[in-house]
Structures are given as C-alpha cells and as structure tokens.
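Structural features, examined
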Amino acid sequence: VTWGGTWLGQRKDAPTGAGFVAIACAARHNVGLRNDGTVVTWGDVTDNQRNDAPTSAGFVAIACGCWHSVALRNDGTVVTWGEDFQGQRNDAP
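An account of the accompanying structure is given in this report. (Residues numbered from 1 in each chain as written. Predicted model: local features only at pLDDT ≥ 70, side-chain atom pairs only at ≥ 80, totals over all residues. Heavy atoms only, no water.)

**A few points about the sheet that holds strand 1 (residues 20-25)**
- Read across the sheet, three strands follow the order 1-2-3 without closing on themselves; strand pairing throughout is antiparallel. Every other strand in the sheet has two partners, leaving strand 1 and strand 3 (39-43) as the edge strands with one partner each. Strand after strand, the sheet turns through a mean of 20° between neighbouring axes, direction not considered.
- Of the pairings in the sheet, the one linking strand 1 to strand 2 (residues 29-34) comprises five bridges and is antiparallel in character. The residue bridging Ala24 from the neighbouring strand is Val31, located in strand 2. (Pairing = 2+ DSSP bridges. Helix = DSSP H or I, 4+ residues; strand = E, 2+ residues; numbered from the N terminus. Axes fitted to C-alpha atoms, helices over the stretch in contact; angles between N-to-C directions.)

Here you go:
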C-alpha cells in the first residue's frame, strides 16, 4: 500500500502483492526488497534514481538516498545505482 504525493511518480508503478521484507523511501523514488532477494524500484527517474537497478537476486538489505540507492548482497558486497553527481556511487566500497 502506498500513500502521499505522486507529482513526481512516487506512487506510480508501485508493486503489489506479498513477499516484501524491506522498503526504503527517498524523496522521489522507492526500493523494495523481496523475500527471494530481488530488488524492485518505483517512482521518479528524472535524476536516474532507478537507472541501473540490479536485476539479480541475492540481496539482504537496501537503502535510499535522495537520488541514489544502495543494496547489500548476501556475500557482503555493496551495489549502488542512480545519480552520481556528488560521488554517491563512486566512493562505494
């Protein structure tokens, strides 16, 4: 279930159904983690927030910044996607 503003697509294409174990929200986009370890994104793409989101499984945690997102794989590696105009992605471990 989603609620709130949708002028920038925050609620557009929100996934339905069960199976989510975590949700992370930013100003304009959202990320969900399913119980099978896959990541789902929805909301605005104006600043690349959803571009390059991972399509594989094996994730155990997620987080969002204003224009970027981060996910932790079950092997301890970090994956980032979205905007990088202030180094949000380039400095990831």
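**Observations regarding a nonpolar patch on the surface**
- A cluster of nonpolar residues, Val60, Leu72 and Val78, forms a patch on the protein surface that exposes about 210 Å² of accessible area.
- Mapped onto the fold, Val78 is located in strand 6 (residues 78-82). (Patch = residues over 30% accessible without salt bridge, like charges linked within 9 Å, V, L, I, M, F, W, Y side chains within 5 Å. Areas by Shrake-Rupley, 256 points an atom, 1.4 Å probe, with all protein chains shown as cover. Salt bridge = Lys/Arg side-chain N within 4 Å of Asp/Glu carboxyl O.)

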